[in-house]
Amino acid sequence: MTAFSTEGQSDPTVQPVPTAVVKQVDAADITLSNPKMAVIALGSNLGNRLETLQGAVDALEDTPGLRVKAVSPVYETEPWGVAPDSQPSYFNAVILVKTTLPPASLLERGQAVEEAFDRVREERWGPRTIDVDIVSYADVLSDDPVLTLPHPRAHERAFVLAPWHDMDPEAQLPGAGPVADLLTGVGREGVQHRADLELRLPE
């Protein structure tokens, strides 16, 4: 996009577009320097699940140094690791973000979003208002126990792989291969695409 020229125009109200505006329009990510791409999984099975997922997306978008670039379709999923019918079903989604935050800071922000939505950590596999998990961060491979990258169980979870594949059919899970192949191996049992539900990409 370039500034409009007034040369040869008789309308005195036509003015060039300021350079600053041109730059802002042309580069929505102008505030991000040397950003990395990260994939984040969201899940909720308490309260207004769709509203909570959208709230988490919006909260992440409001984070300095982070922009939400894509959101997946919403899936409904049976709870993982618990007896059937012992908990409400989950709504799950995956988002792609561009960020200048290092992995540890991105983890802290995800945990802050969980706390903002009153996430309670009383039991493993327990119900939760919101779960924010970093699935992958660029091509980083790390066995740090605080934040293992990519997520150590992402390759076996259809509720991560299915929405991620829908969002990006060519996606790769670092160290594990194409998401499409991983999803084929795992299958889609227990996950249902909710075509009637949709998350908005922040403007």
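Placed above this text is the structure.
Residues numbered from 1 in each chain as written. Predicted model: local features only at pLDDT ≥ 70, side-chain atom pairs only at ≥ 80, totals over all residues. Heavy atoms only, no water.

K.L.:
Even after reading the chapter, I still don't get the overall build of the protein chain, so can you show me in this structure?
P.N.:
Assigned secondary structure in the protein chain consists of five helices and eight strands. Written out in order from the N terminus, the α and β elements of the protein chain read α-β-α-β-β-β-α-β-α-β-β-α-β. Relative to its full complement of 203 residues, the protein chain shows a buried share of 42%. Partitioning the contacts of the protein chain with sequence separation of at least 6, the portion at a separation of at least 24 is 69%. (Helix = DSSP H or I, 4+ residues; strand = E, 2+ residues; numbered from the N terminus. Buried < 20%, exposed > 50% of the residue type's maximum accessible area, 1.4 Å probe, protein only. Contact = heavy atoms within 4.5 Å.)

K.L.:
What is the right way to read the environment of Val 191 from this model?
P.N.:
Of note, Val 191 is situated in strand S8 (residues 191–193). For the pair formed by Val 191 and Pro 79, sequence separation is 112 residues and the distance between their alpha carbons is 9.9 Å. Discounting residues that sit within four places of it in the chain, Val 191 has contacts with Tyr 75, Glu 76, Thr 77, Ala 158, Phe 159 and Ala 162.

K.L.:
What is the right way to look at the pattern of salt bridges in this model?
P.N.:
Pairs may arise between side chains of opposite charge once their charged atoms sit close together. Going through the model one piece at a time under the given rule, you end up with five salt bridges. Each member of the salt-bridge network shares a partner with another, and the members are Arg 49, Glu 76, Arg 194 and Asp 196. (Salt bridge = Lys/Arg side-chain N within 4 Å of Asp/Glu carboxyl O.)

K.L.:
So what exactly am I meant to see when it comes to the pairing of strand S4 (residues 90–99) here?
P.N.:
Successive side chains on a regular strand alternate, one facing one side of the sheet and the next facing the other. Buried residues dominate S4, accounting for nine of its 10 residues. In this sheet, S4 lies alongside strand S1 (residues 36–44) in antiparallel orientation, the contact comprising nine bridges. Across the sheet, Lys 36 pairs through a bridge with Thr 99, a residue of S4. As judged from the five bridges shared by strand S2 (residues 66–71) and S4, these two strands associate in the antiparallel manner. Looking at the pairing, Leu 66 lines up with Thr 99 of S4. (Pairing = 2+ DSSP bridges.)

K.L.:
I keep staring at the nonpolar core and nothing clicks. Help me out?
P.N.:
As a rule of thumb, nonpolar side chains are buried together in soluble globular proteins. Formed by 27 residues in total, the largest nonpolar core has its most connected members in Ile 40, Leu 42, Leu 60, Val 68, Ile 95, Val 97 and Leu 106. Broken down by secondary-structure element, the contributors of at least two residues to this core are S1, helix H2 (49–61), S2, S4, helix H3 (103–116) and strand S5 (131–137). Broken down by element, the residue count for this core peaks at five residues, all from H2. Formed by 20 residues, the second largest nonpolar core is a distinct cluster that contains Ala 158, Ala 162, Ala 171 and Leu 182. (Core = buried A, V, L, I, M, F, W, Y, C linked by side-chain atoms within 4.5 Å.)

K.L.:
Looking at this structure, I do not really get the packing of helix H4 (residues 158–167) against helix H5 (residues 179–186). What am I missing?
P.N.:
In helix packing, the relevant descriptors are the interaxial angle and the interaxial distance, both defined with respect to the helix axes. Where H4 meets H5, the axes come as close as 9 Å, and the angle between the chain directions of the two elements is 135°. Judged on the interaxial angle alone, H5 and H4 are oblique. For the crossing formed where H4 meets H5, the hand is left-handed. In this structure, H4 contributes Ala 158, Leu 161, Ala 162, Trp 164 and His 165 to the contact, and H5 contributes Val 179, Ala 180, Leu 182, Leu 183 and Val 186. Across the contact of H4 with H5, the residue classes break down as nine nonpolar, one polar and no charged. (Axes fitted to C-alpha atoms, helices over the stretch in contact; angles between N-to-C directions. Parallel < 35°, antiparallel > 145°, perpendicular 65-115°, else oblique. Left-handed = near helix turned anticlockwise from the far one by under 90°. Nonpolar A, V, L, I, M, F, W, Y, C, P; charged D, E, K, R; others polar.)

K.L.:
I would appreciate a short explanation of H3 in the present structure.
P.N.:
In a regular helix each residue adds 1.5 Å, so 14 residues correspond to 20 Å; H3 covers 20 Å between its end C-alpha atoms and thus fits that length. Looking only at H3, the buried set comprises Leu 106, Leu 107, Gly 110, Val 113 and Glu 114. Taken end-on, H3 shows its buried residues confined to a sector of 120°, consistent with a single buried face. Away from the buried face of H3 by more than 90 degrees, exposed residues Glu 108, Glu 115 and Ala 116 are located. Considering only its buried residues, H3 is in contact with S1, H2, S2, S4 and S5. Phi turns positive one or two residues past the end of H3, at Asp 118, with a value near 60°. (Expected span 1.5 Å × (residues − 1). Arc of directions from axis to C-beta.)

These values are about where atoms sit, not about what they do.
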